[in-house]
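For reference, the chains in residue letters:
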Amino acid sequence: MLIFFISLIGCSKNPHATESGSGNIEISITLPATKSAMSGDEIKSLRIWLVDKNGKIARVITSDAGITMTGAGTASAQFFNVERASYTLYFVANSDALSSYTAGATIDDAFKNATIDYKYGEYGMPLSVVKEIHVVPGKNMISASLVRICAKIHVTVRNSTLDKMVWIKDISLNDISPDKTYLFEQDSFFPGAVYEELD
């Protein structure tokens, strides 16, 4: 009986233990480390694609399954038993864009050059980032600071006088305002966007 009990213990397996030749990816996710536009910034939804060097989506995890929200602006995620290789991680927060791309599919130019309306969406501030990782056996740790897709402007003016009014005469901004932009960071504005001069 004792031998049988010991053999059962020996056969038990941790489902998260790495298999031979594979590794686990542990990801720490944060908002941009700046003081600007912090008001209202939250990770309300998050999706991460793990893509191999051939562009095939190996895994997809979301804030509903596989991602743990550790705070309003922080999260952690894990991919278990990932084959040894180089991968690209695509992160999208507060947007359902690209949700149709699932495990087994191949990303294309429509994925890499996806666009989003250039505004503060109903899901919150749209955020994204792309990271590279080479997986080796054991634990593979990586940090990802999400990048804002659009910008919010908040101006605070304090009047320290008792009987004088303060007027804002002018605010200088970029002279164009596009109506859409790329979901992932690119070197140029989206060519199909409508650009309007700011008043």
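Residues numbered from 1 in each chain as written. Predicted model: local features only at pLDDT ≥ 70, side-chain atom pairs only at ≥ 80, totals over all residues. Heavy atoms only, no water.

**Thoughts on the nonpolar core**
Generally speaking, a soluble globular protein has its nonpolar side chains buried in company with each other. I25, I27, I29, I48, F79, L89 and F91 are the most contacted members of the largest nonpolar core, which totals 26 residues. When residues of this core are traced back to their parent elements, those giving at least two are β1 (22–30), β2 (46–52), β5 (74–83), β6 (85–93), β8 (127–135) and β9 (138–145). Residues contacting L89, with those up to four places away along its chain left out, are I27, I48, W49, L50, F79, V129, V130, K131, I133 and I142. With 15 residues, the next largest nonpolar core counts W49, V51, I107 and I149 among its residues. (Core = buried A, V, L, I, M, F, W, Y, C linked by side-chain atoms within 4.5 Å. Buried < 20%, exposed > 50% of the residue type's maximum accessible area, 1.4 Å probe, protein only. Helix = DSSP H or I, 4+ residues; strand = E, 2+ residues; numbered from the N terminus. Contact = heavy atoms within 4.5 Å.)

**Regarding the environment of S99**
Position of S99 relative to the elements: it lies in the loop between β6 and α2 (109–112). Judged by relative accessible area, S99 falls into the partly exposed class, the value being 35%. Sequence separation of S99 and R47 is 52 residues, and the distance between their C-alpha atoms is 8.1 Å. Beyond its immediate chain neighbours, meaning those up to four positions away, S99 contacts R47 and W49.

**Brief notes about a nonpolar patch on the surface**
Side chains of V155, V157, V166 and I168 sit close together on the surface and give an oily, nonpolar patch of about 340 Å² of accessible area. Mapped onto the elements of the fold, V155 is located in the loop between β10 (147–148) and β11 (176–178). (Patch = residues over 30% accessible without salt bridge, like charges linked within 9 Å, V, L, I, M, F, W, Y side chains within 5 Å. Areas by Shrake-Rupley, 256 points an atom, 1.4 Å probe, with all protein chains shown as cover. Salt bridge = Lys/Arg side-chain N within 4 Å of Asp/Glu carboxyl O.)

**What to know about the sheet that holds β6**
In space, the five strands of this open sheet follow the order β3-β2-β6-β8-β10, with antiparallel pairing throughout. Since the sheet does not close on itself, it has two edges, and those belong to β3 (57–62) and β10, each with one partner. Two strands pair when backbone bridges link them, and β2 and β6 are joined in this way by seven bridges, in the antiparallel orientation. What sits directly across from V51, in β6, is T88. (Pairing = 2+ DSSP bridges.)

**Description of the confidence of the model for the chain**
Looking at the chain, the pLDDT average stands at 79 and 69% of residues meet or exceed 70. Low pLDDT (under 50) marks residues 2–12, which in the prediction has zero contacts with non-local residues, meaning those over four places away or in another chain. (pLDDT = per-residue confidence, 0-100.)

**Looking at unusual backbone geometry**
The phi angle at N81 is positive, at roughly 50°, despite the residue not being glycine. For N81, the location among the structural elements is in strand β5. The buried category is assigned to N81, whose relative accessible area is 17%. Here N94, not a glycine, exhibits a phi torsion of approximately 60°, which is positive.

**Re the packing of aromatic side chains**
Counting across every chain of the model gives five aromatic pairs. Here W49 and F111 contribute two aromatic rings whose centre-to-centre distance is 5.4 Å and whose plane-to-plane angle is 85°, an arrangement assigned as edge-to-face. Taken together, the residues span a long stretch of sequence, with W49 in strand β2 and F111 in helix α2 at a distance of 62 residues. Just as W49 is buried, F111 falls in that class too. Taken together through their ring pairs, the aromatic side chains of W49, Y90, Y101, F111 and F184 make up a single cluster. (Phe/Tyr/Trp six-rings, centres within 6.5 Å; stacked < 30°, edge-to-face > 60°.)

**Quick word on the environment of P126**
The residue P126 is located in the loop between β7 (115–117) and β8 in this model. Residue classification places P126 among the buried residues on the basis of a relative accessible area of 3%.

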